[in-house]
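Below, each chain spelled out in residue letters.
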Amino acid sequence: MPNLPELLEGVKARQVRALAKAISLAENAPSSAEHLLAGLGSVAPRSLVVGITGATGVGKSTLIKALIEQGLKDDLRIAVLAVDPSSPLSGGALLGDRIRMVVPETEPERLFIRSLSSRGNDGGVSRGIAVTIQLVRHAGYDVVLVETTGAGQCEFDVVRFVDLVCVLLAEGFGDELQAMKSGLMEIADLLVINKCRRPGTANLHRELESHLAHSSRFERFGLLQPPVLLTDALSGNGIAELWLRLKALAQDEACLAACARKRQHLAHYSAVASILELLKGRLLARLREDSVSVNIATLPPLELRRWLLEVCHEELSRKHYAEEN
Ligand SMILES: Nc1nc2c(ncn2[C@@H]2O[C@H](COP(=O)(O)OP(=O)(O)OP(=O)(O)O)[C@@H](O)[C@H]2O)c(=O)[nH]1
Ligand SMILES: [Mg+2]
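Residues numbered from 1 in each chain as written. Chains lettered and ligands numbered in written order. Predicted model: local features only at pLDDT ≥ 70, side-chain atom pairs only at ≥ 80, totals over all residues. Heavy atoms only, no water.

A.B. asks: Residue-level account of the overall build of the chain, with values.
C.D. replies: The helix and strand inventory of the chain stands at 13 helices and seven strands. Per-residue burial for the chain yields a buried fraction of 43% across its 325 residues. For the chain, contacts bridging at least 24 residues in sequence account for 76% of all contacts bridging at least 6. As displayed, the chain offers around 16,900 Å² of accessible surface, 56% of which is attributable to carbon and sulfur atoms. (Helix = DSSP H or I, 4+ residues; strand = E, 2+ residues; numbered from the N terminus. Buried < 20%, exposed > 50% of the residue type's maximum accessible area, 1.4 Å probe, protein only. Contact = heavy atoms within 4.5 Å. Areas by Shrake-Rupley, 256 points an atom, 1.4 Å probe, with all protein chains shown as cover.)

See below:
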């Protein structure tokens, strides 16, 4: 077991090896993660954490590479965290490797790249990501770019720990309409149509603006409509403007207040989702146990409700009992 205070001193002194070691601890041992977080204290140095999300192949890593070049030019220290939900076996190494491949050698004190797996078997994964982001903030990186793929729970989890979210789209990649319906648009502080030289981009842009104009969700949840930008990450077209917009949004009080409200909503939904998940697991287990004595399919609604309440009550008492003992 490493000496945690010493490790944290190393992180705050911007030692890359200490940072890497602390992240491994946060990922693999949830109890250490809690200690690390407590040891860091609540006041983090100011750094901008941006989540970059979107369908596979839409150009997230290429865009990140372009942003890195932009940031290095401004003499900033940059960290990239690649959260890979799809590779529990590789421990999320794939995304990070792909980013590393596109970025020329730079000293890790100026450019730190790390992969994180969003899956584990201890249930403490999103906690691990949260702690990792805090660690990188404390290690003094000015900008932290977090890459995540797809539109699943992982995005919504990661979004809770970043300052701004940039959702990437491209004509012909992923189901854009689906993304509009699934709420991915509403977690965006900035929408970027990448690969903007593809035919059909203008159509996608129009559809997107129309969806945004007609969506009532922004107003309902007190969120701001995200601006839409066009980029071609490969040639660097539109990147300087994106960079400026990110920096401007990070200073914009109205945007930051809306982001805080968004994080609150997401924390609420996440809590609801985990309660439902817990109940679902217990109900399914009970259904298996009871299937011989109770024929659920033939129970009248009132009886079914009684059965449900009984199960919930028993399960909660059982949990209570386990906690007390
Ligand atoms: N023409 C063009 N190609 C691009 C652009 N952005 C990315 N690409 C290419 O698209 C492919 C996928 O790009 P990536 O950056 O790896 O995409 P990604 O979203 O990170 O993909 P995953 O990490 O697998 O989800 C690569 O071959 C890139 O060179 C762009 O703006 N224009
Ligand atoms: Mg990628």
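A.B. asks: Any chance you could break down the packing of aromatic side chains for me, citing the residues and the numbers?
C.D. replies: Counted under the stated rule, the structure contains one aromatic pair. Positioned above the aromatic ring of Y141, the side-chain terminus of R77 is 4.3 Å from the ring centre. (Phe/Tyr/Trp six-rings, centres within 6.5 Å; stacked < 30°, edge-to-face > 60°. Lys NZ or Arg CZ within 6 Å of the ring centre and 35° of its normal.)

A.B. asks: Hey, could you go over empty space enclosed by the protein for me, with residue numbers and the actual values?
C.D. replies: Under the criterion given, the structure shown has one cavity of 30 Å³ or more. Around the largest cavity, the lining comprises ten residues; the ones closest to its centre are G51, T53, T148, V158 and V159. Counting residues per element, the ones that place at least two in the lining of the largest cavity are β1 (48–54), β4 (143–149) and α7 (153–159). Broken down by class, the residue content of the lining of the largest cavity amounts to six nonpolar, three polar and one charged. (1 Å grid on protein atoms, 1.4 Å probe; cavity = no way out; pocket = protein on both sides within 12 Å on 5 of 7 lines; lining within 4 Å. Points joined across faces, edges and corners; volume = space filled by probe spheres on them. Nonpolar A, V, L, I, M, F, W, Y, C, P; charged D, E, K, R; others polar.)

A.B. asks: Describe the nonpolar core, listing the residues and the values that go with them.
C.D. replies: Among the nonpolar cores identified, the biggest contains 49 residues, and L19, L36, L135, Y141, V146 and L191 are the most heavily contacted of them. Sorting elements by how many residues they give to this core places helix α2 (residues 16–28) first, with seven residues. I52, L145, L164 and A250 belong to the second-largest nonpolar core, a separate cluster that totals 32 residues. (Core = buried A, V, L, I, M, F, W, Y, C linked by side-chain atoms within 4.5 Å.)

A.B. asks: How would you summarise the coordination of the magnesium ion (ligand 2) if you had to cite specific residues and measurements?
C.D. replies: The protein atoms that coordinate the magnesium ion (ligand 2) are S61 (OG) and E147 (OE), at distances spanning 2.1 to 2.2 Å. Here S61, found in helix α4 (residues 60–73), pairs with E147, found in strand β4; they are 86 residues apart in sequence, far enough to count as distant. (Donors = N, O, S within 2.8 Å, 3.2 Å for Na, K, Ca; no water.)

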